[in-house]
Amino acid sequence: MSKILKKIKKINPLAVIVFICSIFWLMPLILIFINSFKPYNDMLQHFLALPKSWSLDMYIETWTKFNFPMLIKNTLLYTVCTVLMIVLLAPMAAYKLARTKSKMSGICFVLIIMPMMVPFQSYMITLTRLVANVNLTGTKMGQILVSIGLCMPLAVYMIHGFVKNVPLELEECACIDGASKIRTYFSIVLPLLKPILTTVVVLDTLATWNDIITNQLIVGGNARAMNIQNALYMQFSAQTADWEHALPGIVMSMIPSLIFFVAMQKHIVGGVTAGAVKG
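Residues numbered from 1 in each chain as written. Predicted model: local features only at pLDDT ≥ 70, side-chain atom pairs only at ≥ 80, totals over all residues. Heavy atoms only, no water.

Caption draft 1: Up close: the overall build of the chain. Looking only at helices and strands, the chain has 14 helices and 0 strands in total. Listing every helix and strand of the chain by position from the N terminus yields α-α-α-α-α-α-α-α-α-α-α-α-α-α. Counting the 279 residues in the chain, one finds 35% classified as buried. Contacts spanning at least 24 positions in sequence make up 73% of the contacts within the chain whose residues lie at least 6 apart. Counting every atom, the chain has about 17000 Å² of accessible surface; 72% of that belongs to carbon and sulfur. (Helix = DSSP H or I, 4+ residues; strand = E, 2+ residues; numbered from the N terminus. Buried < 20%, exposed > 50% of the residue type's maximum accessible area, 1.4 Å probe, protein only. Contact = heavy atoms within 4.5 Å. Areas by Shrake-Rupley, 256 points an atom, 1.4 Å probe, with all protein chains shown as cover.)

Structure follows, in structure tokens:
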């Protein structure tokens, strides 16, 4: 008994509170997972109970009904194209703006990050009309371009702050050794940006993979261009709500993003920490 009491005394009360809060915040995900194995009537009558059987029949049926291979292909296309363009363009823009000391540079920086300061709902209708005017509504290209534009401000903002902490002396030494500005950027500056670029990649990957509003606005009802989240949402309307297939679909859509986040979590912390203590 004394050993048990000693172990109890060693327990940190704050850790217990954090654990309880974590379970509370995870409860919606836990309930989604549990109910994804139940038939609809059982889900309504015994929402908090465990399923009577853990059959994967609904998952297999959902995989076929929603044409998940096509949805995964579309979602991967949007995510990969968006992240690649962000990684290519955002560091260049942030580096140029951070190293150029002029009023025009400051104005350009403010204009780039301004969408971060304005709620998306305030300009989403205008954005939709713009996409329609250039005949990109309902197309995969339209979705990719809009995703890049929406993710770019935060990426430039984060990298811009990181570049300011990169010692300018390194670039001056490279210039003295005869390296061009392009060579200096790719050989010296870009490798130093790896921590913050990793953070940007993770955040933009999760944002694009889990996007639903943009896909609804740009792709609309074009089933062949929908991503996973939009296809699942389209199963709900004022008349019907296909929970039997929606919940397994949600679980399957979450698995890749959860695995990716867990695998890259340490890089997110590393990138943010490096940006905070450099210089």
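Let us keep going from here.
Caption draft 2: Highlighting the pattern of salt bridges. Counted according to the given criterion, the structure contains 1 salt bridge. Residues E171 and R99 are paired through a salt bridge, measuring 2.7 Å at the closest nitrogen-oxygen approach. Here E171 is found in helix α9 (residues 168–176), whereas its partner R99 is found in helix α5 (residues 68–99), with 72 residues between them in sequence. A relative accessible area of 23% means that R99 is categorised as partly exposed. (Salt bridge = Lys/Arg side-chain N within 4 Å of Asp/Glu carboxyl O.)

Caption draft 3: Molecular detail of unusual backbone geometry. Non-glycine residue N67 carries a positive phi angle of around 55°. On the secondary structure map, N67 appears in the loop between α4 (57–65) and α5. N67 sits in the partly exposed class, given a relative accessible area of 35%. Look at N135: it is not a glycine, yet its phi comes out positive at around 60°. Counting through the fold element by element, N135 comes out in the loop between α7 (124–133) and α8 (140–163).

Caption draft 4: Local environment of the packing of α5 against helix α10 (residues 181–192). With their axes 12 Å apart at the nearest point, α5 and α10 run at an angle of 95° to one another. Relative to α10, the element α5 is oriented roughly perpendicular. Together, P91, M92 and Y95 of α5 and Y185, F186, V189 and L190 of α10 make up the contact between the two elements. Residue composition of the contact of α5 with α10, by class: 7 nonpolar, no polar and no charged. (Axes fitted to C-alpha atoms, helices over the stretch in contact; angles between N-to-C directions. Parallel < 35°, antiparallel > 145°, perpendicular 65-115°, else oblique. Nonpolar A, V, L, I, M, F, W, Y, C, P; charged D, E, K, R; others polar.)

Caption draft 5: Structural context of helix α6 (residues 103–117). The end-to-end C-alpha separation of α6 is 20 Å, in line with the 21 Å expected for 15 residues at 1.5 Å each. At L111, α6 shows its largest bend, some 30°, and a proline, P115, comes one to four positions later. In the core, the buried residues of α6 are packed alongside α5 and α8. (Expected span 1.5 Å × (residues − 1). Bend = angle between axes of the 7 residues up to and from the residue.)

Caption draft 6: A look at the environment of D42. By the secondary structure assignment, D42 is in helix α3 (residues 40–45). A relative accessible area of 12% places D42 in the buried class. Counting along the chain gives 10 residues from D42 to K52, while the straight-line C-alpha distance between them is 9.1 Å. With near-sequence residues (within four places) excluded, D42 lies in contact with F47 and K52.

Caption draft 7: Highlighting the packing of aromatic side chains. Tallying each qualifying case throughout the model produces 10 aromatic pairs. Taking 5.1 Å as the distance between ring centres and 45° as the angle between the ring planes, the aromatic pair formed by F37 and Y59 counts as tilted. Of this pair, F37 sits in the loop between α2 (13–35) and α3 while Y59 sits in helix α4, and the two are 22 residues apart along the sequence. By the burial criterion, F37 is buried, and Y59 matches it. (Phe/Tyr/Trp six-rings, centres within 6.5 Å; stacked < 30°, edge-to-face > 60°.)

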